[in-house]
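Here is how the chains run, residue by residue.
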Amino acid sequence: MNATPEPNLSGPARESGSDLPASEQAKELANLDDHNPIEARLPLRTREVKAPTPLLGPGRPTLSEDLRDRQIQIENAARDHGLSFYPIVYEMLYSHEINAIAARDGFPIRYPHWRFGMEYEFLNTGYEHASSKIYELVINSDPVYAYLMASNENFDQEFVMCHVTGHADFFRNNIYFSQTNRQSIEMMATHAHRVAKYMHLYGRDEVEKVIDHALSISDLIDPFKMLAFPNGNDKQSSTMKEEPLRGQPGRLPVTRDYLESFINPPEALEAARIKEEKLDKKPRQFPEKPVRDVLQFLIENAPIPDWQRDILSIVREESYYFLPQMQTKIMNEGWASYWHSTLMRQEVVKDKNQDQHAHLHSSITASQPPNLNPYKIGIELFRDIEDRWNKGKFGPEWEACTNEDERKRWDKKVGLGREKIFEVRRLNNDLSFISNYLTMDFCERHQLYTFDQNAVTGDYVMRSREFEKVRDTLIRQLVNCGKPLVELVDGNLHNRGEIRLMHHFEKDPLRQDYTEAVLKSIYFFWTRPVCIDSKRNEVGERCAFDQSGYRRWKN
Amino acid sequence: MDRSSSSLNQPENNSFHNEDDSLADITFTPSYMTLTGFGIDIQPDRARYRDIARGKIREDLGKYMSQDEIIAQKGKDIIKIPLPRIDSPHFQTQSANGEGVGQGDGEPGESISRGKGKKGSGSKPGQGKGKGEGEGEGQEAGEGEGNHIYEEVTIEQFADMIGEKLQLPRIEPKGDQKISSDKGRYTTISRHGPQALRHTRRTFKEALKRSLSSGEYDPDDPVIIPEREDFRYKAFKPEPRPEFNACIIYVMDVSYSMNSGQKEIARKVAFWIDLWLQRQYQGVERVFIIHDEKAKEVTEEEFFSINANGGTKISSAYKEVLKVAERFPASQWNRYLFQFSDGDNYDEKDDSVCTDLLKEQILPFFNQVAYGQIPFQSSRTLPSAETQGFYKTLQNSFNSAENFVQTPIADDTKILDAIKKFFSGGR
């Protein structure tokens, strides 16, 4: 079966597994999974699949029969449209519980730490002031766990379920999530237990301090690692390469003597030997290449006790887990909004509920100046793509056309819209989503603009409606999730085991107070001086932290 | 809500006491979770956060001392302190919080929304947890504008926090009465108390009385076991503590050269003075005197709002102070004088009248006299205007006086220093 199915103009596009390679499809069928169209049509509870264990223990409010039926209907309708997802389990929570879960990013168990307490406090006020009602909470896992507020009306619950289904499909199918650990509940629980054990052994304050330091550097990971080395086969490891066997550079193992001259021809051995000599002469760089995964570097090389090493690896594992979610916020919300809108319209909304649906939908996608609502731009962009690919508004002909009227009237009736958005949701993250599909047309239609903040008054002031500026501002915020690109370039600076980081300067200098704090945290683990090179006002600047504290000077 | 014992905090489960430190291969199935009920209680995390936030407040106390939000709660028994959000530091560019992309009507150059002068929450679609969590009404997850959480403290706790931070010594009030301690000897008996203060003989006596009257007592097998009602405990009668009272006389220069900004500062300083002295004394009376060339006793509101626009004759204020002080005889009252002015007195003749009055009639009979100079802020203000004029005069005369304190209060940020100066003498 080829990768892109023929456009099916006579009915809804069936995507169930059809864009996966054959081997994958076979696996799917063997698993009697959601991808099997026959199985998917049966009400879930009659399937021969073991029901997932409820997450939060017995004795809790459960989904009513009614809602359970609705869930099945919604999910079947979703599958009809081509969505696919791991089984979804809904947990009912009271309002005070939902804030506790939300504070923990959707997990019932996290390691003990004050930041979850803080999130809880702030979420609690929000609810009391009725200024923010958490509508849906769903996590990337298998099975997918999602939470419903017991106090919501059935109509709201259906709304949430449609939205959750969209998210579940996104988590399953977007490639940036393909390497994430779907046993995430267990992962968080293991982390929690390890941290608790360390607190028991070494004292809460000490462990908390280490976690705080680790959190300051939790974003110093390599965003490309997950996709580049799917099985953790990270050949870019930063430790010193092992010394090759002396006298046998580049020699490959041989099973039979007579194969020796074929496997290890003299020319190859000679070339390898010469290369070795060259390498010996050059002073080794440590790490050999600049490293973005500073956490990994510290885990492997910092002179710290094992338990602190473990804390670093816990923080690192969680960073990698959450990374794709940070990279796809616009798309994910947009996709979920698109599907709750589609599913609600066709499935749920009988006449009397029309208003309620419209109200809920508009309140979620309303603009909140000056913020750009990620829900809104995501869904609008997906709709725009669908519209364009239905009408054929893409490709060289379209690009070449400059006639306004012709562009407005353009409609080749190609009908590829649905298929295209499925493909888009599979292959992109926010950065490529915006880069590839944000058009001048779209910006004008949706009245997008750039703004910045008056340093004195704090007021936000609109700057420009120009397409390039809007797009560039968005892209700037999306590249590396809006964070400065920092690499560890030298682990043996001055040949004294000092660390040198490099900030790849773009437009703005680093924020001083935070820089000091982060360097201090790295110093805590490294115990030798740490510095970072950057720029300020067009002049090079080095910030360093060592035993005498923080310094900053022109470099 | 069922409160499962948080098995993480008391690791009685076998898995923790493994000799093998590596827990990497432990796998937890969802069923494990059901054993522990609803996850792990979030209360400890909350408590820990509040502890840390309170610590931060103590660190940044100077900032809080000039905040209107605190001062506006004057006179209440419970003060609500807004707790700060504590962000984890990360490498970040400096204008990270300024720019963004928005959607809607308007023209370039227009102001879109009022910021609060703090870090803005522009569109940062790539940041934040993005945990698939949605918040209705279109708010960006986790950044509720204007959300504050509060820590409630009683006025006493708050005053103690200030005192601790500023390391203010407790005031030893003057007075004829000796201070006697609350706890002397255990002179009476009570029905309630701690086990350590059990009065054994009395307890058994009561038990015996009870068992006799109820007919339980058996002379052949005389066993007495006290019951709860029988228990008696040693107790003390708190001896009446002599009341110490303070009288605070506030003096404000309302001449032409004192404007509303300076009065604001004075008002804030006065809030902390009141707070601290109320903590130290059982009863505090306050008197407010304003003056320009003439002095007058007024109410508190008038004190902080009247603009008299006259010239300045500080001696008139001192005379009025003496008049008022007659109502609070020194034998029964601890008297304080707090004076605020911009230091621009009428002339040197008046200056010497002032110093005489202070030296002869005021200082010897007051616990403490304090003077804060709040200079008028303008582009024409000379540098260190806060230490010129009347300030200098006083300095020359009373540099070594024990119960006289003077301090410049240049602006809002100096309020903390002023309070510290005022009360560091322990008077």
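Residues numbered from 1 in each chain as written. Chains lettered and ligands numbered in written order. Predicted model: local features only at pLDDT ≥ 70, side-chain atom pairs only at ≥ 80, totals over all residues.

K.L.:
Break down the sheet that holds strand β8 (residues 530–536) of chain A for me, citing the residues and quoting the values.
P.N.:
Backbone-to-backbone hydrogen bonds join strands into a sheet, with any given pair of strands oriented parallel or antiparallel. Residue and element names in this part refer to chain A. The strand order across the open sheet formed by 5 strands is β6-β7-β8-β9-β10, and the pairing between neighbours is mixed. Edge positions in the open sheet fall to β6 (486–493) and β10 (549–554), since each of these has one partner strand only. The average undirected angle you get between the axes of adjacent strands in this sheet is 20°. Two elements, β6 and strand β7 (residues 498–503), share 5 bridges in a ladder whose sense is antiparallel. What sits directly across from D490, in β7, is R500. Across the sheet, helix α23 (residues 512–526) lies against β7, β8, β9 (539–546) and β10, angled at about 45° from β9, the strand it touches most. (Pairing = 2+ DSSP bridges. Helix = DSSP H or I, 4+ residues; strand = E, 2+ residues; numbered from the N terminus. Axes fitted to C-alpha atoms, helices over the stretch in contact; angles between N-to-C directions. Contact = placed C-beta atoms within 7 Å.)

K.L.:
Report on helix α6 (residues 154–173) of chain A, specifying residues and quantitative values.
P.N.:
Taking 1.5 Å per residue, 20 residues should reach 28 Å; α6(A) reaches 29 Å between its end C-alpha atoms and fits that length. Within α6(A), 16 of the 20 residues are buried, which leaves it mostly tucked inside the rest of the structure. (Expected span 1.5 Å × (residues − 1). Buried ≥ 20, exposed ≤ 12 C-beta atoms within 10 Å, placed from the backbone.)

K.L.:
Just give me the short version of the nonpolar core, but keep the residues and values in it.
P.N.:
A146(A), L295(A), L519(A), I522(A) and V530(A) are the most contacted members of the largest nonpolar core, which totals 129 residues. Of the residues forming this core, the biggest block, 9 residues, is contributed by helix α7 (residues 184–202) of chain A. If sequence neighbours within four positions are ignored, I522(A) has contacts with I217(A), I499(A) and V530(A). With 61 residues, the next largest nonpolar core counts I162(B), V251(B), F271(B) and L275(B) among its residues. (Core = buried A, V, L, I, M, F, W, Y, C linked by C-beta atoms within 7 Å.)

K.L.:
So what about the environment of E320(B)? Which residues, and what values?
P.N.:
Residues and elements named next belong to chain B. The topology assignment puts E320 in helix α9 (residues 314–325). On the neighbour-count criterion, E320 (20 C-beta atoms within 10 Å) is buried. Setting aside residues no more than four positions away along its own chain, E320 makes contact with I289, H291, A295 and E297.

K.L.:
Which residues make up the packing of α7(A) against helix α8 (residues 204–216) of chain A, and what values do they have?
P.N.:
Residue and element names in this part refer to chain A. Following both chains from N to C, one finds α7 and α8 inclined at 130°, their axes separated by 7 Å at the closest point. The angle between α7 and α8 falls in the class oblique. Note on element contacts: α8 touches α7 through R204, E206 and V207, opposite V195, Y198, M199 and Y202. Of the residues belonging to the contact of α7 with α8, the class tally is 5 nonpolar, no polar and 2 charged. (Parallel < 35°, antiparallel > 145°, perpendicular 65-115°, else oblique. Nonpolar A, V, L, I, M, F, W, Y, C, P; charged D, E, K, R; others polar.)

K.L.:
Could you give an account of helix α5 (residues 155–166) of chain B, naming the residues involved and the relevant values?
P.N.:
Residue and element names in this part refer to chain B. Helix length check: α5 (12 residues) gives 16 Å between terminal C-alpha atoms against 16 Å at 1.5 Å per residue, within 8%. All of the buried residues in α5 are A159, I162 and L166. The buried residues of α5 occupy an angular sector of 60° when projected down its axis, which confines them to one face. Exposed residues pointing more than 90 degrees away from the buried face of α5 are listed as E156 and E164. Looking at the buried residues of α5, the elements they touch are α7 (260–280) and α12 (415–423). Phi turns positive one or two residues past the end of α5, at Q167, with a value near 55°. (Arc of directions from axis to C-beta.)

K.L.:
Explain the pairing of strand β10 (residues 295–298) of chain B to me, and be specific about the residues and the numbers.
P.N.:
All names here are of chain B. Where strand β9 (residues 283–291) and β10 come together, 4 bridges link them in antiparallel fashion. Paired with F288 across the bridge in β10 is V298. The hairpin turn running from β9 into β10, its antiparallel successor, is 3 residues long.

K.L.:
Tell me about the confidence of the model for chain A, residues and numbers included.
P.N.:
All names here are of chain A. Summary statistics for chain A give a mean pLDDT of 81 and a share of 78% for residues scoring 70 or more. Between residues 28–51, whose pLDDT stays under 50, and residues either more than four places distant or in other chains, the model counts 21 contacts. Below pLDDT 50 for its whole length, residues 127–133 participates in 13 contacts with residues either more than four positions away or in separate chains. (pLDDT = per-residue confidence, 0-100.)

K.L.:
How would you summarise the sheet that holds β9(B) if you had to cite specific residues and measurements?
P.N.:
Residue and element names in this part refer to chain B. Here we have 6 strands laid out as an open sheet, ordered β10-β9-β8-β11-β12-β13, and mixed in their pairing. Strand pairing shows two members of the sheet lacking a second neighbour, β10 and β13 (404–408), which therefore form its edges. On average, each strand axis in the sheet is tilted by 20° relative to the strand beside it, whichever way the strands run. Here strand β12 (residues 368–373) pairs with β13 via 5 bridges, running parallel. In the strand pairing of β13, V369 is matched with F404. α7 contacts β8 (245–253), β9, β11 (333–341) and β12 of the sheet and is inclined by roughly 175° relative to β8. Where α12 meets the sheet, it contacts β12 and β13, and its direction lies at approximately 170° from that of β13.

K.L.:
Describe the confidence of the model for chain B, and please don't skip the residues or the numbers.
P.N.:
Residue and element names in this part refer to chain B. The share of residues in chain B with pLDDT of 70 or more is 75%, and the mean pLDDT across the chain is 74. For residues 1–38, every residue scores under 50 in pLDDT, and the model assigns this stretch 52 contacts once sequence neighbours within four places are set aside. The low-confidence segment residues 176–181, where pLDDT is below 50, has 4 contacts with residues more than four positions distant or belonging to other chains.

K.L.:
An account of unusual backbone geometry is needed here, citing residue identities and associated values.
P.N.:
Residue and element names in this part refer to chain A. Cis geometry is found at the peptide bond from D142 to P143, where omega equals 0°. Cis geometry marks the peptide bond from F286 to P287, where omega comes out at -5°. Here P287 shows up in the loop between α11 (266–281) and α12 (294–301). One non-glycine residue, C481, lies in positive phi territory at about 55°. Within the secondary structure layout, C481 lies in the loop between α22 (467–478) and β6. Not every positive phi belongs to a glycine, and N537 is a case in point at roughly 50°. Tracing the sequence through the fold places N537 in the loop between β8 and β9. Classification of N537 as exposed rests on a count of 7 C-beta atoms within 10 Å.

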